[in-house]
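The residues making up each chain are set out below.
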Amino acid sequence: MIKISDDNQLIQQALRMAQKAWAPYSGFRVGAAVLLADGTVVGGNNQENRVYPLGSCAERVAVNYARANFPERQIVAIAVASPDSDEPVTPCGGCREVLLEAVRAQQGADIRVVMADRTGTRVRTALVTELLPLAFAFDGKNRT
């Protein structure tokens, strides 16, 4: 765990995490860095498996680590980056759902998503609610 203060540092941490990814099948390494409200940063990277659906995306690894180890701390932002991409890397649909669930669990606080390329110079930023505007929601009784 480290503490940081800006998006560039968050992107650089995501790129460092990507270097440790396990991606022997796709060759596409992805790193994620989650910023918590107190400035703590935790990271994750993609972990592939020969049985493709059993792998885990970097975003889910990082978010699940943060929620498992720091459930009382709000997730403020997540950076996603790959040393294997010339374009900013965006979360997949499943990761967008996981991030949105974290938003809902935090009583409506949105999460800033910072998406970067291999150098961290091409960057796009959005709120998770912007990335998944018509998200699935189910409260046990009614879909909303």
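Above this text sits the structure in question.
This write-up is about the structure you can find in this document.

**Things to note about the nonpolar core**
Right, on to step 1. Within the largest apolar cluster, 26 residues are counted, with the highest numbers of intra-cluster contacts made by V34, I75, I78, L99, I111, V113 and V128.
Right, on to step 2. Those elements that place two or more of their residues in this core are β2 (31–36), α2 (58–69), β4 (75–81), α3 (93–105), β5 (112–116) and α4 (128–131).
Right, on to step 3. Setting aside residues no more than four positions away along its own chain, I75 makes contact with V34, L35, L36, V63, A66, R67, A102, Q106, D110 and I111.
Right, on to step 4. Ranked by size, the runner-up nonpolar core spans twelve residues in total, among them L35, V41, A81 and V114.

**Observations regarding helix α1 (residues 7–18)**
Right, on to step 1. Here α1 spans 16 Å end to end across twelve residues, near enough to the 16 Å set by a 1.5 Å rise per residue.
Right, on to step 2. If you check the start of α1, you find a side-chain oxygen 3.1 Å away from the backbone N of N8, and it comes from D6.

**Some points on the packing of α2 against α3**
Right, on to step 1. As a packed pair, α2 and α3 sit with axes 9 Å apart at the nearest point and diverge in direction by 25 degrees. In terms of their interaxial angle, α2 and α3 are classed as roughly parallel. Relative to α3, the crossing made by α2 is left-handed. Together, E59, R60, V63 and R67 of α2 and G94, C95, V98, L99, E101, A102 and A105 of α3 make up the contact between the two elements.
Right, on to step 2. Along the lines of polarity and charge, the residues of the contact of α2 with α3 split into six nonpolar, one polar and four charged.

**Let's talk about the side chain of D117**
Right, on to step 1. Relative to the assigned elements, D117 resides in the loop between β5 and β6 (123–127).
Right, on to step 2. Of the buried charged residues, D117 lacks a salt bridge, with R122 as the closest side chain of opposite charge at 5.0 Å.
Right, on to step 3. Side-chain polar atoms of D117 contact the backbone nitrogen of G120, separated by 2.8 Å.
Right, on to step 4. Residues within four places of D117 in sequence aside, it is in contact with L15, A81, S82, S85, D86, E87, P88 and R122.

**Re the pairing of β2**
Right, on to step 1. Of all six residues that make up β2, six are buried, and the element is covered over most of its length.
Right, on to step 2. Burial of β2 is two-sided: the residues G31, A33 and L35 facing one way and the residues A32, V34 and L36 facing the other way are all buried.
Right, on to step 3. Following β2, the chain reverses through three residues before pairing antiparallel with strand β3 (residues 40–45); G39 in that reversal takes a positive phi of roughly 95 degrees.
Right, on to step 4. In this structure, β2 lies alongside β4, joined through six bridges in antiparallel fashion. Looking across to β4, one finds that L35 is bridged to A77.

**Notes on the pattern of salt bridges**
Right, on to step 1. Applying the stated criterion across every chain yields a total of six salt bridges.
Right, on to step 2. We note a salt bridge from R112 to D7, for which the minimum N-O separation is 2.5 Å. Of this pair, R112 sits in strand β5 while D7 sits in helix α1, and the two are 105 residues apart along the sequence.
Right, on to step 3. A relative accessible area of 27% means that D7 is categorised as partly exposed.
Right, on to step 4. Residue R122 pairs with E87 through a salt bridge whose shortest N-O separation is 2.8 Å. Taken as a pair, R122 in the loop between β5 and β6 and E87 in the loop between β4 and α3 lie far apart in primary sequence, 35 residues in all.
Right, on to step 5. On the accessibility criterion, E87 (43% relative accessible area) is partly exposed.
Right, on to step 6. Within the structure, one salt-bridge network assembled from shared partners comprises D38, E72 and R73.

Parameters at a glance
- Residues numbered from 1 in each chain as written.
- Predicted model: local features only at pLDDT ≥ 70, side-chain atom pairs only at ≥ 80, totals over all residues.
- Heavy atoms only, no water.
- Core = buried A, V, L, I, M, F, W, Y, C linked by side-chain atoms within 4.5 Å.
- Buried < 20%, exposed > 50% of the residue type's maximum accessible area, 1.4 Å probe, protein only.
- Helix = DSSP H or I, 4+ residues; strand = E, 2+ residues; numbered from the N terminus.
- Contact = heavy atoms within 4.5 Å.
- Expected span 1.5 Å × (residues − 1).
- Polar contact = N/O pair within 3.5 Å; in protein donor to acceptor, adjacent residues only side chain to side chain.
- Axes fitted to C-alpha atoms, helices over the stretch in contact; angles between N-to-C directions.
- Parallel < 35°, antiparallel > 145°, perpendicular 65-115°, else oblique.
- Left-handed = near helix turned anticlockwise from the far one by under 90°.
- Nonpolar A, V, L, I, M, F, W, Y, C, P; charged D, E, K, R; others polar.
- Lys, Arg positive; Asp, Glu negative; His and termini not counted.
- Salt bridge = Lys/Arg side-chain N within 4 Å of Asp/Glu carboxyl O.
- Pairing = 2+ DSSP bridges.

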